[in-house]
Amino acid sequence: MEQTLLPTVLLAVLMIAKTVQGQTPPGLSPSTQTHLGLTFGKDIIPPRLGCPLTKADTTSAPLLTLHDVSRDSTYLAFMIDIDVLYQCSTTSLLHWYEPDLKPDIETGSLVASHRTTSARAEYGGPAPPLGTMHRYVSFLFAQPPDYVFPEQFMRFMAPTIPARLGFNLSQFVDAAGLDGPVAASYFTVEGSEGTDVAESRMSVTKSSCFRTQF
Ligand SMILES: *[C@@H]1O[C@H](CO)[C@@H](O)[C@H](O)[C@H]1NC(C)=O
């Protein structure tokens, strides 16, 4: 899917408009009204909050951008699928956890800096089951200077679906002592047929007992 960048003026207007609505799906906690910019590949940007992208669009981690980035802050980011059906109940799957993000003041982009914390969850692209539409929510939090990764969440860092299943962001936020999210955003992906090259490493390593769920 090819998309051209919107003219700067229009983009500015959209950014202002986006600050007055919640940036996470209705009913989801935590939430924030500040928009987190997502750019996949060179120029794939979800055109509106909650808009569908394809598996192929989202095969690698997005570039994150923040309008009012704070020069001295360090951030950490998550991406979570909140529509996973497992054993007849809905649960969440961690797709990405990236700490130690530093702002590029010129562009507002958040770039991985030298690591001060070891744990991270490598990005795994969306691959929902055929015929289902899942919501992928991205969150940005301020990473405190004395941040310590909560050890009990280490099991979620492995790049497999069984390891990532059942991740509870609220519990992580509590355990890590984080403040509310600085920004958030979400998009959707519909499950499609076929083994395209976009299939993420995570979906390739899924175990057969989870196959029908993703
Ligand atoms: C996460 O945990 C909190 C309490 O620890 C609970 O209230 C909430 O329902 C959980 N969220 C999910 C999606 O399971």
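Residues numbered from 1 in each chain as written. Predicted model: local features only at pLDDT ≥ 70, side-chain atom pairs only at ≥ 80, totals over all residues.

### Some points on the overall build of the protein chain
Per the secondary structure count, the protein chain includes four helices and eight strands. For the protein chain, the N- to C-terminal ordering of α and β elements is α-β-β-β-β-β-β-β-α-α-β-α. Counting all 214 residues of the protein chain, 32% fall into the buried class. Residue pairs in contact within the protein chain that sit at least 24 positions apart in sequence constitute 75% of those at least 6 positions apart. (Helix = DSSP H or I, 4+ residues; strand = E, 2+ residues; numbered from the N terminus. Buried ≥ 20, exposed ≤ 12 C-beta atoms within 10 Å, placed from the backbone. Contact = placed C-beta atoms within 7 Å.)

### A few points about the site of the ligand
Ser92, Asn168, Ser170 and Gln171 make up every residue found near the ligand. Tallied by class, residues from the shell around the ligand come to no nonpolar, four polar and no charged. (Near = placed C-beta within 6 Å. Nonpolar A, V, L, I, M, F, W, Y, C, P; charged D, E, K, R; others polar.)

### Looking at the environment of Leu66
Here Leu66 is to be found in strand β3 (residues 63–66). Among all residues touching Leu66, those that are not within four sequence positions of it are Leu36, Gly37, Pro103, Gly108, Leu110, Leu140 and Ala183.

### What to know about the confidence of the model for the protein chain
Here the protein chain averages 84 in pLDDT, and 79% of its residues register 70 or above. Below pLDDT 50 for its whole length, residues 195–201 participates in 14 contacts with residues either more than four positions away or in separate chains. Segment residues 203–214: pLDDT under 50, and 21 contacts once partners within four positions in sequence are set aside and those in other chains are kept. (pLDDT = per-residue confidence, 0-100.)

### What to know about the pairing of strand β5 (residues 89–104)
Two strands pair when backbone bridges link them, and strand β4 (residues 75–86) and β5 are joined in this way by nine bridges, in the antiparallel orientation. Considered in β5, the bridge of Tyr75 is made with Leu101. Linkage of β4 to β5, two consecutive antiparallel strands, is achieved through a turn of two residues, within which Gln87 is found at a positive phi near 50°. With four bridges connecting them, β5 and strand β6 (residues 109–112) associate as antiparallel partners. Along β6, the bridge assignment pairs Asp104 with Ser109. Counting the residues that bridge the hairpin from β5 to β6 gives four residues, and of these Gly108 lies at a positive phi of roughly 80°. (Pairing = 2+ DSSP bridges.)

### As for the sheet that holds strand β1 (residues 36–39)
Spatially, the eight strands line up as an open sheet ordered β1-β3-β6-β5-β4-β7-β8-β2, and their pairing is mixed. Taken across any chain shown, the strands that pair with only one partner, and hence form the sheet edges, are β1 and β2 (52–53).

### Digging into unusual backbone geometry
Going from Ser29 to Pro30, the amide bond is cis rather than trans, its omega being 0°. Within the element layout of this structure, Pro30 appears in the loop between α1 (8–18) and β1. Even without being a glycine, Gln87 presents a positive backbone phi close to 50°. Among the secondary structure elements, Gln87 is positioned in the loop between β4 and β5.

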